Amino acid sequence: MSASAAARREIKSLREQIRYHNYRYHALDDPEIPDAEYDRMMRRLQALEREHPELITDDSPTQRVGDAPVETFGTVQHEVPMLSLDNAFGEEELRDFHRRVADRLELELEADELSYAAEPKLDGAAVSLLYEDGRLVRGATRGDGTTGEDITHNVRTIEAIPLRLIGSGYPATLEVRGEVFMPKAGFEAYNEKAAAAGEKTFVNPRNAAAGSLRQLDPQLTAARPLDMYAYSVGRIDGGDLPQTHSEVLERLQNWGLKVCPERRVVSGVEGCLDFYRDIGDKRDGLPYEIDGVVYKVDDLQQQRELGFVSRAPRWAIAHKFPAQEELTTVEGVEFQVGRTGALTPVARLKPVFVGGVTVSNATLHNIDELHRKDVRVGDTVTIRRAGDVIPEVVGVIRSRRPKGTRKVKLPERCPVCDSAVAREGDEAVARCTGGLYCSAQRAEALKHFVSRRAMDIEGLGSKIIEQLVSADRIHTPADIFTLTREEVAEMERMGEKSADNLVAAIEASRTTSLERFLFALGIREVGESTAAALAAYFGKLDLIMSATENELVAVPDVGPIVASRIRSFFGEKHNRDVIQALRDQGVSWDESEPQRSPADGKLSGKTFVLTGTLPNMTRDEAKKKIQAQGGKVTGSVSSKTSFVVYGDKAGSKLSKAQNLGVETIDEAGLDQLLNAPASEES
Ligand code: 9MJ
């Protein structure tokens, strides 16, 4: 056998195997081999085709994105018109449809044995795929039903669409019709990426599918996560198909096309309604967007008897779910303060019925979203409410924007408590800095205050705190210490014994430690270990309250951001008032002389810079070890640096140290410093 005959045989075998595994993966959703094995076969085929370009055929699985961009879309005449569907909004309209069908077919309604093929109604773009002798030769949009656009170059890029049918028995000419759609996950991922890159996002998966198919360059379509389900046939020549719609779909699946797994044959209106309810319940969990279900008379002979009127068949109807998107106008944009202080912009809307309920508020998620969508008071917007999800503003209809609108700005002060609003760097979330003082955050802050690792008041659970806050009995943590036994005993779900226990727990918590107290205050970025470091370093609360940011960053574990958080917390008068009130209530702890450095300060006064990868510890671990012995770790080398600790791939910091004459050590050198007896330290 010549080399090229061997290649020919291997290519043929690889193509057949790849087609079979495409069928297993896409049509059956039941892959047989791991992705890596599939990729290996694909790469082998590509390599062989590179060596033997004369053996490349149009229907080779490697040839999906082979086409060059087109200049314009050609037109395609649909010999069998591509029909659209009539809609039924509600049960009555469905019953009317069924009655019309039964009358025309002169069926006994009571018998009610009419079989319908029921399937979800996908929200994508309808396409026609023409197969000649099993080869995909043309893809087209529906267009007006008679004339569509030639999108062959784009449908070829969709992996769920076989370039060549598998198996046997398909008609010589077979036109398959179906819906191309973008699954929800792909849609969200695509939009997230597009938004991050500052590119245009799609408003919904339907537009995403339709827009992706109308690209001149197939490379662009190939990059979109598209999928497709076949749901009917058009022209057929040179072969026969079974006599029911459901069997036809079965056949299409055997030939490698993908059909919706949720389809079912049902009996009469009641069967249709059962299906509608089942799919409705499943809707949010389905991986693709649907806007209703479709019922088709299953018997194709009956379909032919029924025929069609204008553009819609008499034998099918779409039973729609309530619309999930509607238009309305924005009457205001307000900022809600969440329990953690996050500010969420909310659009106040002219009430609109959408997704089965009346909606008058919709979230804008965060300030970045608000600015990206540029929602203004007076705008007409698309509102979406899907399932149990919070209604959201999808986008603005810019052409309907009235004159004189203004961009909405992030408020500088909290709309609830008037504390400053802070936003970290380019973080999307802006927060109220009011903490305990802000009534929106009060319950959450109090739960933290009493928690086990903070003030440890056992028995003061979430439910009780919620009760006390909503009854306006507790405003600040100091109010906890004014609760009387009688009050406590009268609360919901509070027995005599638990009341006694709670009062005792409150009493006991009055005596605490400085680190617990600091942690309990709920200063952002001050967790348990930072609180402990502050307490150890300063010894006294007043010193911490009056420390400058420069003094604060000298504390191990405290960087500039944490220091500024601490500063702004104690800078707010209402926070100092809360602390005073707590002290007035007898909350106390032992204070000590400031150490200004940890107890075992062997490395105190020494500054370290870490660079490169250390063999046995991360830089973070090294930093902690140095700090634990009183040393400081900074980011840049200067003549004041005591040691530069270098690891593998050390950068410019090492050469800078050498230039400045700063001592350089490796991990072993650092270990020696860390483990040396204190007396040896000079
Ligand atoms: C969709 N969109 O899912 C049809 N469709 O049948 C289904 N559309 C249809 N069938 C005939 N499942 C015309 C349109």
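Residues numbered from 1 in each chain as written. Predicted model: local features only at pLDDT ≥ 70, side-chain atom pairs only at ≥ 80, totals over all residues. Heavy atoms only, no water.

Quick question: what am I supposed to make of the domain arrangement of the protein chain here?
How large an interface is tends to be reported as the accessible area lost when its parts come together. Under the domain assignment used here, the protein chain contains domain 1 (3-63), domain 2 (102-320), domain 3 (323-433), domain 4 (435-509), domain 5 (514-589) and domain 6 (607-680). Each of domain 2 and domain 4 has a C-alpha centre, and these two points are 59 Å apart. (Domains from an automatic or database assignment.)

Would you explain the packing of helix 20 (residues 560-571) against helix 21 (residues 573-584) in this entry?
The axes of two packed helices give the description: the angle between them and the distance between them. The interhelical angle for the contact between helix 20 and helix 21, taken along N-to-C directions, is 75°, at an axis separation of 5 Å. Here helix 20 is positioned roughly perpendicular relative to helix 21, judged by the angle of their axes. Together, F569, F570 and G571 of helix 20 and K573, N575, R576 and I579 of helix 21 make up the contact between the two elements. (Axes fitted to C-alpha atoms, helices over the stretch in contact; angles between N-to-C directions. Helix = DSSP H or I, 4+ residues; strand = E, 2+ residues; numbered from the N terminus. Parallel < 35°, antiparallel > 145°, perpendicular 65-115°, else oblique. Contact = heavy atoms within 4.5 Å.)

Hey, could you run me through the site of the ligand in this one?
All residues adjacent to the ligand are L83, L85, E119, P120, K121, L122, E179, Y231, V294 and K296. In the model, a nitrogen atom of the ligand is placed 3.3 Å from a nitrogen or oxygen of the E179 side chain. Contacts to the ligand include K296, whose side-chain N or O atom sits 2.8 Å from a nitrogen atom. Coverage of the ligand by the protein chains reaches 93% of its 340 Å² of free accessible surface. Counting residues per element, the ones that place at least two in the shell around the ligand are strand 3 (115-122) and strand 10 (290-297). With 4 residues, the single largest contributor to the shell around the ligand is strand 3. Considered class by class, the residues forming the shell around the ligand number 6 nonpolar, no polar and 4 charged. (Near = heavy atom within 4 Å. Polar contact = N/O pair within 3.5 Å; in protein donor to acceptor, adjacent residues only side chain to side chain. Areas by Shrake-Rupley, 256 points an atom, 1.4 Å probe, with all protein chains shown as cover. Nonpolar A, V, L, I, M, F, W, Y, C, P; charged D, E, K, R; others polar.)

Can you walk me through the nonpolar core in this structure?
A general tendency of soluble globular proteins is for nonpolar side chains to be buried together. Formed by 58 residues in total, the largest nonpolar core has its most connected members in I457, I480, L534 and F570. Counting residues per element, this core draws most heavily on helix 17 (residues 528-538), which supplies 6 residues. Each of two domains, domain 4 (435-509) and domain 5 (514-589), supplies a minimum of three residues to this core. Apart from residues lying up to four places away in sequence, I457 is in contact with V450, I480, F481, L502, A505, I506 and S509. (Core = buried A, V, L, I, M, F, W, Y, C linked by side-chain atoms within 4.5 Å. Buried < 20%, exposed > 50% of the residue type's maximum accessible area, 1.4 Å probe, protein only.)

Explain the sheet that holds strand 2 (residues 87-88) to me, please; I cannot follow it from the model alone.
For sheets, the rule is that strands pair by backbone hydrogen bonds, running either parallel or antiparallel. Ordered in space as 2-13-10-3-9, the 5 strands form an open sheet in which the pairing is mixed. Single-partner strands in this sheet number two, and they are strand 2 and strand 9 (264-267). Relative to strand 13 (residues 316-320), strand 10 is paired through 5 bridges, and the arrangement is antiparallel. By the bridge assignment, G292 is partnered in strand 13 with K320. Along the sheet face, helix 9 (residues 268-282) touches strand 3, strand 9, strand 10 and strand 13 and points at about 135° away from the line of strand 9. (Pairing = 2+ DSSP bridges.)

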